[in-house]
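The primary structure of each chain is shown beneath.
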Amino acid sequence: MSNKSMIISLIGRPNVGKSSIFNQLVDGKRKALTHDTPGVTRDRHYAISKFQNASGEEEKDAIIVDTGGFYPNDIDESEFERNHFFNIMREHAKLSIKESDLVLFVVDVREGLLPMDKEIVKILRASSKNFWLVINKYDTDKQAGTEAEFYALGLKQEEMFIVSAAHSRGIH
Ligand code: GDP
Ligand code: MG
């Protein structure tokens, strides 16, 4: 990719910890880009963060997108007709995926693999964008093994990250 900053979006169901991970990734360097940034959609939270490549040599800017604006804060799945909620989620996920170079798809290890997660994976695969699975809320090693059900999604080991945003585990 040229000089254009990479756009990395956090997507996933409400409450899985997208905003918590966003805050960890941008680490206080939050910079609102909500105004007229070409190619990105309004009503999301944007920040610029610097990332090094694996060997630690190269530092590059990336625009991190928290897609939290998708849902009312207090949304409860049970309040919605299942299909209605899926339709809303599907449309927003598609928009967000479209504007991304890389998607961080966040799931909640404590809730496990839910139908909506599988739905999002289908959308991601259909989009043929790069995506990584971020298995969040892995707060302690007492949870060992609970992450295994996500392997059924068929991602490669290097595309899966087990993290705890609350405890800053696995974020680096
Ligand atoms: P979002 O809706 O996906 O943006 O999720 P939030 O970042 O707002 O987090 C939803 C809830 O999960 C909040 O109460 C967070 O404090 C909590 N949370 C986020 N990350 C973790 C984590 O790693 N472990 C635990 N135990 N809770 C977390
Ligand atoms: Mg959020």
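Just so it is clear, the structure is predicted and the values come from calculations on it, not from any experiment.

Chemist: I'd love a proper account of the site of ligand 1, names of residues and values included.
Modeler: Every one of the 15 residues lining ligand 1 counts as a neighbour, but N15, K18, S19, S20 and D139 are closest to it. Bound to the protein, ligand 1 loses 70% of the 580 Å² it would expose on its own. Residue contributions to the shell around ligand 1 peak at 3 residues, all from helix α1 (residues 18-26). Its residues placed into classes, the shell around ligand 1 shows 4 nonpolar, 6 polar and 5 charged.

Chemist: Report on helix α3 (residues 115-127), specifying residues and quantitative values.
Modeler: The end-to-end C-alpha separation of α3 is 19 Å, in line with the 18 Å expected for 13 residues at 1.5 Å each. Those residues of α3 that sit buried are M116, D117, E119, I120, V121, I123 and L124. Count one or two residues on from α3 and you reach S128, which has phi positive near 55°.

Chemist: For the pattern of salt bridges, give the residues involved together with the corresponding values.
Modeler: Counted by the stated rule, this structure contains 7 salt bridges. With its nearest N and O atoms 3.0 Å apart, the salt bridge here joins D117 to R13. On the criterion of sequence distance, the pair formed by D117 in helix α3 and R13 in the loop between β1 (6-11) and α1 is long-range, its members being 104 residues apart. The pair formed by D117 and R13 is uniform in burial state, with each residue classed as buried. A salt bridge links D108 to K137, with the shortest nitrogen-to-oxygen separation between them at 3.3 Å. Taken together, the positions of D108 in strand β4 (residues 102-108) and K137 in the loop between β5 (130-136) and β6 (160-162) put the pair 29 residues apart, joining distant regions of the chain. As far as burial versus exposure is concerned, D108 and K137 are alike and both buried.

Chemist: I'd like a rundown of the sheet that holds β5, residues and numbers included.
Modeler: Spatially, β2-β3-β1-β4-β5-β6 is the arrangement adopted by the 6 strands of the open sheet, whose pairing is mixed. What marks the edges here is a single partner per strand, and that holds for β2 (45-52) and β6. Averaged over all pairs of adjacent strands, the angle between their axes in this sheet comes to 25°, without regard to strand direction. Here β5 pairs with β6 via 3 bridges, running parallel. Each bridged residue has a counterpart across the sheet, and for V134 the counterpart in β6 is F161.

Rules used throughout
Residues numbered from 1 in each chain as written. Chains lettered and ligands numbered in written order. Predicted model: local features only at pLDDT ≥ 70, side-chain atom pairs only at ≥ 80, totals over all residues. Heavy atoms only, no water. Near = heavy atom within 4 Å. Areas by Shrake-Rupley, 256 points an atom, 1.4 Å probe, with all protein chains shown as cover. Helix = DSSP H or I, 4+ residues; strand = E, 2+ residues; numbered from the N terminus. Nonpolar A, V, L, I, M, F, W, Y, C, P; charged D, E, K, R; others polar. Expected span 1.5 Å × (residues − 1). Buried < 20%, exposed > 50% of the residue type's maximum accessible area, 1.4 Å probe, protein only. Salt bridge = Lys/Arg side-chain N within 4 Å of Asp/Glu carboxyl O. Pairing = 2+ DSSP bridges. Axes fitted to C-alpha atoms, helices over the stretch in contact; angles between N-to-C directions.

Keep in mind these numbers describe shape, not what the thing actually does.
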